[in-house]
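# Architecture at a glance
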Amino acid sequence: MRKTFDAELQELSAEMIDMAAAAEDAIDLVTASLAAPDDRQAREAISLTHTMDQTERDIENRCLRLLLQQQPVARDLRTISAALKMVTDLQRIGDQCANIAEISLLLVREPGGSIPSHIREMSRKAGYMVKRAIFAYANRDQNAAGEVIGLDDAVDELFRTVKGDLVALIRESQDNADRAIDLIIIAKYLERIADHAVNIAQWAIYCVTGTLVDPS
């Protein structure tokens, strides 16, 4: 029974890594879409996030099966519980990437210049946080997880800067309002992606220590 259980845990870990890789790819595509004049990357990101839905269901079903059919010890229970929480964060990262990609498709068709540099920087930082959080989970690396948690304030500060700049742009001319609102929404999604990365980092620490870290 234990060998079967361990094999199931390994398969769970493999599914988590696959979904995490999809989230990383979606982040990379969205980041590229914010810098590119064409819409190829945005469309690829949307398509990729659709495949994450089935993976989420598969992982949830496996976790529930392990909980109901086996008798996991404390360490195993932490792994399964963390997976159930993390898969939700990964799925939401995918959803937010798709939302950003859909807005970027609209912006590509509109005149008005490039995406502001602060938003592109937010995208890079949020993407880095997601990748480091996934690394922390895969390698049970508490230092990497702590790094992710520490970066959250920088993304929050960038969001405040972006919001202030775009509000000033709207005040300057109402003609800028629609584009500025779209850009603020993108920035908010990026802030949420960073928040989900922090959640994943917290669960990575929980897997090792059994303690859920308060990021504040």
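For the structure itself, look to the data block above.
Small disclaimer: the values here were computed from a predicted structure and weren't measured.

On to the side chain of aspartate 152, then. Position of aspartate 152 among the secondary structure elements: in helix α5 (residues 142-172). No salt bridge forms around the buried aspartate 152; measuring N to O, its nearest opposite-charge neighbour arginine 160 is 8.9 Å away. Those residues in contact with aspartate 152, other than ones at most four positions away along the chain, are Met129, Ala194, Asp195 and Val198.

The subject of this paragraph is the nonpolar core. Counting 73 residues, the largest nonpolar core has Leu12, Met16, Ile119 and Ile193 as its most contacted members. Per-element tally for this core: the top contributor is helix α6 (residues 177-209), with 19 residues.

Let us now look at α5. Counted at 1.5 Å a residue, the expected span for α5 with its 31 residues is 45 Å, and the 46 Å between its end C-alpha atoms agrees. Residue leucine 151 marks the point of greatest curvature in α5, where the axis turns by about 25°. Within α5 the residues assigned to the buried category are Ala144, Ala145, Val148, Ile149, Asp152, Val155, Asp156, Leu158, Phe159, Val162, Leu166 and Ile170. Of the surrounding elements, those touching the buried residues of α5 are α4 (117-139) and α6. Its side-chain oxygen at 3.0 Å from the backbone nitrogen of asparagine 143, aspartate 141 defines the N-terminal cap of α5.

On to the side chain of glutamate 191, then. Relative to the elements of secondary structure, glutamate 191 occurs in helix α6. For glutamate 191, a relative accessible area of 10% puts it in the buried group. Among residues more than four places away in sequence, those in contact with glutamate 191 are Met122, Val155, Asp156 and Phe159.

Cut-offs and rules
Residues numbered from 1 in each chain as written. Predicted model: local features only at pLDDT ≥ 70, side-chain atom pairs only at ≥ 80, totals over all residues. Heavy atoms only, no water. Helix = DSSP H or I, 4+ residues; strand = E, 2+ residues; numbered from the N terminus. Buried < 20%, exposed > 50% of the residue type's maximum accessible area, 1.4 Å probe, protein only. Lys, Arg positive; Asp, Glu negative; His and termini not counted. Salt bridge = Lys/Arg side-chain N within 4 Å of Asp/Glu carboxyl O. Contact = heavy atoms within 4.5 Å. Core = buried A, V, L, I, M, F, W, Y, C linked by side-chain atoms within 4.5 Å. Expected span 1.5 Å × (residues − 1). Bend = angle between axes of the 7 residues up to and from the residue. Polar contact = N/O pair within 3.5 Å; in protein donor to acceptor, adjacent residues only side chain to side chain.

By themselves these figures say nothing about function.
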